[in-house]
Amino acid sequence: MLQLKPIRHQVIVITGATSGIGLATAKLAAERGAKLVLVARNETALKTIAEELSGKGAQARWVVADVADEAELRRAAQVAKEEFGGLDTWINNAGISIFGYNERIALEDHRRLFETNFWGVVNGSLIAAEYLRQSGGAIINLGSEVSDASVPLQGMYAASKHAVKAFTDSLRMELEHDGAPVSVTLIKPAAIATPFVEHAKNYMEVEAKLPPPLYAPELVAKAILSAAQTPQRDIFVGGAAKLTSLGARFAPRLFDKISERIFFRQQRSDRPEQHADRNSLYQPDTDLRVRGNHDASVKESCLYTQAILNKKKTYAIVGGALAATAAVWLSRSQMKRSLL
């Protein structure tokens, strides 16, 4: 079985590292002793987070790159090799969304979203595979609950995450077929309380919002670092993500009708959109925030995800419960026989 290094012994490359899930993962990985190469489009933000992490004792380097540009992104692998002697885990996290009816969104915006969400993952994965085929390690791609389902008003985002899933599964099979010592994992979060909405481009007349339940970004960071240490095919973050996947798979037409009923309403706020020009589709944001502004409460924990990430403990608990039940049943059976 493929063995991955503990986080404290790893060199980790993270794209989209200056906000949201990427920033949460960078902070958690730094706390656990990893050496980091942080990738994003904004140089000022990268410098700020690298200095913050370095001030806490971490080793962090940064690379300004648009993930859609393979040549720019390749520099991250070069920095990892030059500064730290190589890389162990590559996390393709950078992503963006657009809210609105598919037919009302400019084609160039659709294409730009795909350049980031899909081609950014392809570029990062192929660069990482080139390095990791020799040394071994993990490629971790950020999909979504909509990698398995689709929703209205974020159609091209869902399409890009479907594409990410297909590419990730294909890459995994090819690497496994060749016996390459590389783990490939797809992370599929539910709605996460990052600045996702603030960064998205919005074509609606009202402000966009994410449908509840919302989960903490730190839960995704923990799932990512779990996959960096232990090979896993995919990980759902948030029980809602698993339910969405199951619904779309086993009752697709019913899921369509439910989506039509709830997701138009749940992705539209009651506030008029006043800042439609403020988004990160073409230009980076500078906010350096893990969390965004959301009306809904945020779930700081999830029993489902916790159970998935701690399978040995979960199996032990379930096994213990089953053993205890069996023992009670046997003792009762023996008592009944003795009374007869």
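These numbers come from a predicted model, not from an experiment.

A few points about the overall build of the protein
Argument step 1. Helices and strands together make up the secondary structure of the protein, namely 11 helices and 13 strands.
Argument step 2. Radius of gyration (C-alpha) of the protein: 22 Å, near the 20 Å computed for a compact globule of 340 residues.
Argument step 3. For the protein, the spread of C-alpha atoms along the principal axes amounts to about 80 × 50 × 40 Å.
Argument step 4. Here the protein, with 340 residues, has 50% of them falling under the buried criterion.
Argument step 5. Looking at the protein alone, contacts between residues at least 24 apart form 77% of all its contacts between residues at least 6 apart.
Argument step 6. Roughly 16700 Å² of accessible area belongs to the protein as shown, and the carbon and sulfur atoms make up 53% of that amount.
Argument step 7. Distance between charge centroids for the protein: 10 Å, based on 42 positive and 36 negative side chains.

Description of the confidence of the model for the protein
Argument step 1. A residue-level look at the protein finds 91% of positions with pLDDT of 70 or above and a mean pLDDT of 92.
Argument step 2. Taken as a whole, residues 314–328 scores under 50 in pLDDT and shows 1 contact with residues more than four places along the chain or in a different chain.

Things to note about the environment of Arg 233
Argument step 1. By the element assignment, Arg 233 lies in the loop between helix H7 (217–229) and strand S11 (234–237).
Argument step 2. Contacts of Arg 233, omitting those with residues within four sequence positions, involve Asp 169, Arg 172, Val 184, Thr 185 and Leu 186.

Thoughts on the nonpolar core
Generally speaking, nonpolar side chains in soluble globular proteins are found buried as a group.
Argument step 1. Among the nonpolar cores identified, the biggest contains 46 residues, and Ile 12, Leu 36, Leu 38 and Leu 53 are the most heavily contacted of them.
Argument step 2. Looking at this core, the elements that each hand over two or more residues are strand S1 (11–15), helix H1 (20–31), strand S2 (35–40), helix H2 (43–55), strand S6 (137–142), H7, S11 and helix H8 (239–250).
Argument step 3. It is H7 that provides the largest number of residues to this core, a total of 8 residues.
Argument step 4. Ignoring any residue separated from it by four or fewer positions in sequence, one finds Leu 36 in contact with Ile 12, Ile 14, Ala 26, Ala 29, Ala 30, Leu 53, Gln 59, Ala 60, Arg 61 and Phe 84.
Argument step 5. One finds Ala 65, Ile 127, Ala 129 and Leu 186 within the second-largest nonpolar core, a separate group that totals 33 residues.

Brief notes about helix H9 (residues 252–266)
Argument step 1. The end-to-end C-alpha distance of H9 is 20 Å, a good match for the 21 Å that 15 residues give at a rise of 1.5 Å each.
Argument step 2. Of all the bends in H9, the greatest, near 35 degrees, is centred on Ser 259.
Argument step 3. Here H9 has its buried residues at Phe 255, Ser 259, Phe 263 and Gln 266.
Argument step 4. Elements that come into contact with the buried residues of H9 comprise H8 and strand S12 (268–272).

Remarks on H7
The α-helix advances 3.6 residues per turn, and as a result positions three or four apart in sequence lie on the same side.
Argument step 1. When the terminal C-alpha atoms of H7 are compared, their 19 Å separation across 13 residues agrees well with the 18 Å that a helix rising 1.5 Å per residue should span.
Argument step 2. Of all the positions in H7, only Pro 217, Leu 219, Val 220, Ala 221, Ala 223, Ile 224, Leu 225, Ser 226, Ala 227 and Ala 228 are classed as buried.

Comments concerning the packing of helix H4 (residues 107–135) against helix H5 (residues 155–177)
Argument step 1. Contact geometry of H4 with H5 gives a least axis separation of 9 Å together with a crossing angle of 15 degrees. Relative to H5, the element H4 lies roughly parallel. Crossing handedness for the pair H4 and H5: right-handed. Here H4 contributes His 110, Leu 113, Phe 114, Asn 117, Phe 118, Val 121, Val 122, Ser 125, Leu 126 and Arg 133 to the contact with H5, which in turn contributes Met 156, Tyr 157, Ala 159, Ser 160, Ala 163, Val 164, Phe 167, Leu 171 and Leu 175.
Argument step 2. Within the contact of H4 with H5, the residues separate by chemical class into 14 nonpolar, 4 polar and 1 charged.

Digging into the packing of aromatic side chains
Argument step 1. Enumeration according to the criterion identifies 6 aromatic pairs in this entry.
Argument step 2. The side chain of Arg 104 reaches across the aromatic face of Tyr 101, ending 4.1 Å from its centre.

Quick look at the sheet that holds S1
Argument step 1. Across the sheet, 7 strands lie side by side as S3-S2-S1-S4-S6-S7-S11; this open sheet has parallel pairing. Across the chains shown, the open sheet's two edge strands, defined by having one partner strand only, are strand S3 (59–64) and S11. If you compare each strand with its neighbour and ignore which way they point, the axes differ by 15 degrees on average.
Argument step 2. Judged from the 5 bridges that link them, S1 and S2 form a sheet pairing that is parallel.

Let's talk about unusual backbone geometry
Argument step 1. For the bond running from Pro 212 to Pro 213, omega is 0 degrees, close enough to zero to count as cis.
Argument step 2. In this structure, Pro 213 sits in the loop between strand S9 (206–208) and strand S10 (214–215).
Argument step 3. For Leu 153, which is not a glycine, the phi torsion comes out positive at approximately 75 degrees.
Argument step 4. Within the secondary structure, Leu 153 is located in the loop between S6 and H5.

Conventions adopted
- Residues numbered from 1 in each chain as written.
- Predicted model: local features only at pLDDT ≥ 70, side-chain atom pairs only at ≥ 80, totals over all residues.
- Heavy atoms only, no water.
- Helix = DSSP H or I, 4+ residues; strand = E, 2+ residues; numbered from the N terminus.
- Rg over C-alpha atoms; globule rule 2.2 N^0.38 Å.
- Buried < 20%, exposed > 50% of the residue type's maximum accessible area, 1.4 Å probe, protein only.
- Contact = heavy atoms within 4.5 Å.
- Areas by Shrake-Rupley, 256 points an atom, 1.4 Å probe, with all protein chains shown as cover.
- Lys, Arg positive; Asp, Glu negative; His and termini not counted.
- Charge placed at Lys NZ, Arg CZ, Asp CG, Glu CD.
- pLDDT = per-residue confidence, 0-100.
- Core = buried A, V, L, I, M, F, W, Y, C linked by side-chain atoms within 4.5 Å.
- Expected span 1.5 Å × (residues − 1).
- Bend = angle between axes of the 7 residues up to and from the residue.
- Axes fitted to C-alpha atoms, helices over the stretch in contact; angles between N-to-C directions.
- Parallel < 35°, antiparallel > 145°, perpendicular 65-115°, else oblique.
- Left-handed = near helix turned anticlockwise from the far one by under 90°.
- Nonpolar A, V, L, I, M, F, W, Y, C, P; charged D, E, K, R; others polar.
- Phe/Tyr/Trp six-rings, centres within 6.5 Å; stacked < 30°, edge-to-face > 60°.
- Lys NZ or Arg CZ within 6 Å of the ring centre and 35° of its normal.
- Pairing = 2+ DSSP bridges.

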